[in-house]
Amino acid sequence: MPPYDFCLTAAAAVNFRVQHGTNFFDGTYFKKLLNLDNQTYFTRVHSIGTIDHPQLQIEITGNTINDQSTGAVTERLSWILDTTTDLSPFYQAVAQSPTLVPLVNNLKGLHITHTNSVFEGLILAILGQQINSKMAHTFSYHLIETYGQIFKMGGDVYYSFPKATTLADAGINGLKAIKLNRQKADYIASIACAVALNQLDLESLHNKSDEKLVISLLNIRGVGLWTAQWLLIKSFGRNDGFPHNDLALIRALTTLLKEKDLLKPEQVLKHSQRWIPFRSYVTTYIFAAIRSGCLN
DNA sequence: GGCCAGGTTCGCT
DNA sequence: AGCGAACATGGC
């Protein structure tokens, strides 16, 4: 759905690095080792269109390639790369907001990429709590390298996201081994255990309203307001997630609004009311601006 | 070297 | 209910 800037969107999926989580982007090919229905597929996507006439080409490698699995993988990649959302309602709404106009114009065609699974989004979010983004990246790399499934292709090595059962088996000690503190190791191990034992069905939360979804997420130990709002955006594809206590977001808005003193979370939340119901986009565009160096 | 980082929980008033 | 401490590691 145009406008769709494949390069920008894929770069955002890896936080403007080569790799983030199990997503890879080298400037041309978006690559991912994808877990789907207990199978693993190596997928490669690149653009053969333009921003205004987007067209993506997908290559799939795996043991069980047929019409059905090809359709399922294509659909999942469409979710991950958000190929079907129409951005124009957001662009129309934001045109009323001088604060955001320059920033959004700079990032035209950026879509919100999603995590392959809620589990993946949740674990990555917990890894990213409190610490800076470079450390979060290091942690996710260690986690995947240690506990993900390996796949070699053309001299390159790829990893899929670790399964809940693997992380449950690793336990707190196995997670502390990759330099996580006891708290994070504890959160992740207990979530992985609950998922592995079918006590926690994260995917079933897709059916809930935003409000009930947040309540369910907050019930999970290790999930606070920031993580719940972040998952709304990245793992549930909702339009109005807003982690108003996020330190980087607060600093960015303090700069954008030309405030002298650091805004308080409550002030950020109050100001954001004008962006309802598009705050997932606002958040995504601000973070993209930060990561691409347009904003400090 | 010290200070701080894209939070969350727990224990204490 | 509201506040502060602990968490532990890497980067600047």
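It should be emphasised that the depicted structure is a prediction, and the values quoted were computed from it without experimental measurement.

## Focus: the pairing of strand β3 (residues 30-36)
As a general feature of sheets, a regular strand has side chains that alternate between the two faces.
Next up, step 1: Within β3, 7 of the 7 residues are buried, which leaves it mostly tucked inside the rest of the structure.
Next up, step 2: The side-chain alternation of β3 yields two buried faces, one formed by F30, K32, L34 and L36 and the other by K31, L33 and N35.
Next up, step 3: Sheet topology note: the strand β2 (residues 23-25)/β3 ladder contains 3 bridges and is antiparallel. Residue pairing for β3: N23 is matched across the bridge by K32.
Next up, step 4: From the end of β2 to the start of β3, which pair antiparallel, there are 4 residues, and G27 there has a positive phi angle of about 105°.
Next up, step 5: Bridge analysis of β3 against strand β4 (residues 39-47) gives 7 bridges, and the strand direction is antiparallel. Bridge pairing in β4 places L33 opposite F42.

## Section: helix α1 (residues 6-13)
Next up, step 1: By the criterion of burial, α1 is predominantly enclosed, with 7 of the 8 residues buried.
Next up, step 2: Here the buried face of α1 lies against β1 (19-20), β2, β3, β4, β5 (56-61) and α13 (279-291).
Next up, step 3: At the N-terminal end of α1, a side-chain oxygen is found 3.2 Å from the backbone nitrogen of C7, two or three residues along, and the residue is D5.
Next up, step 4: Just downstream of α1 lies N15, where phi reads positive at about 55°.

## A word on the protein's contact with DNA strand B
Next up, step 1: Neighbouring DNA strand B are 24 residues; G222, T227, R251, F287 and R291 lie closest to it.
Next up, step 2: Near the protein, within 4 Å, the atoms of DNA strand B are sugar or phosphate in 60% of cases.
Next up, step 3: S133 is positioned such that a nitrogen or oxygen atom in its backbone is 3.4 Å from a phosphate oxygen of DNA strand B.
Next up, step 4: Elements represented by at least two residues in the surface near DNA strand B include exactly α8 (182-196), α10 (225-234), α11 (247-256) and α13.
Next up, step 5: Examining the composition of the surface near DNA strand B, we find that 4 residues originate from one element, α10, more than from any other.

## Things to note about the protein's contact with DNA strand C
Next up, step 1: In the vicinity of DNA strand C, the contacting residues are Q130, N132, K134, M135, K179, N181, R182 and Q183.
Next up, step 2: In DNA strand C, atoms within 4 Å of the protein come from the sugar-phosphate backbone in 65% of cases.
Next up, step 3: Within the side chain of Q130, an N or O atom sits 3.4 Å from a base nitrogen of DNA strand C.
Next up, step 4: Within the contact set of DNA strand C, a phosphate oxygen lies 2.7 Å away from a side-chain nitrogen or oxygen of K134.
Next up, step 5: Of all elements in the fold, only α6 (133-147) and α8 reach the threshold of two or more residues within the surface near DNA strand C.
Next up, step 6: Split by residue class, the surface near DNA strand C holds 1 nonpolar, 4 polar and 3 charged.

Here is what the cut-offs are and how they apply
- Residues numbered from 1 in each chain as written.
- Chains lettered and ligands numbered in written order.
- Predicted model: local features only at pLDDT ≥ 70, side-chain atom pairs only at ≥ 80, totals over all residues.
- Heavy atoms only, no water.
- Buried < 20%, exposed > 50% of the residue type's maximum accessible area, 1.4 Å probe, protein only.
- Helix = DSSP H or I, 4+ residues; strand = E, 2+ residues; numbered from the N terminus.
- Pairing = 2+ DSSP bridges.
- Contact = heavy atoms within 4.5 Å.
- Polar contact = N/O pair within 3.5 Å; in protein donor to acceptor, adjacent residues only side chain to side chain.
- Near = heavy atom within 4 Å.
- Nonpolar A, V, L, I, M, F, W, Y, C, P; charged D, E, K, R; others polar.

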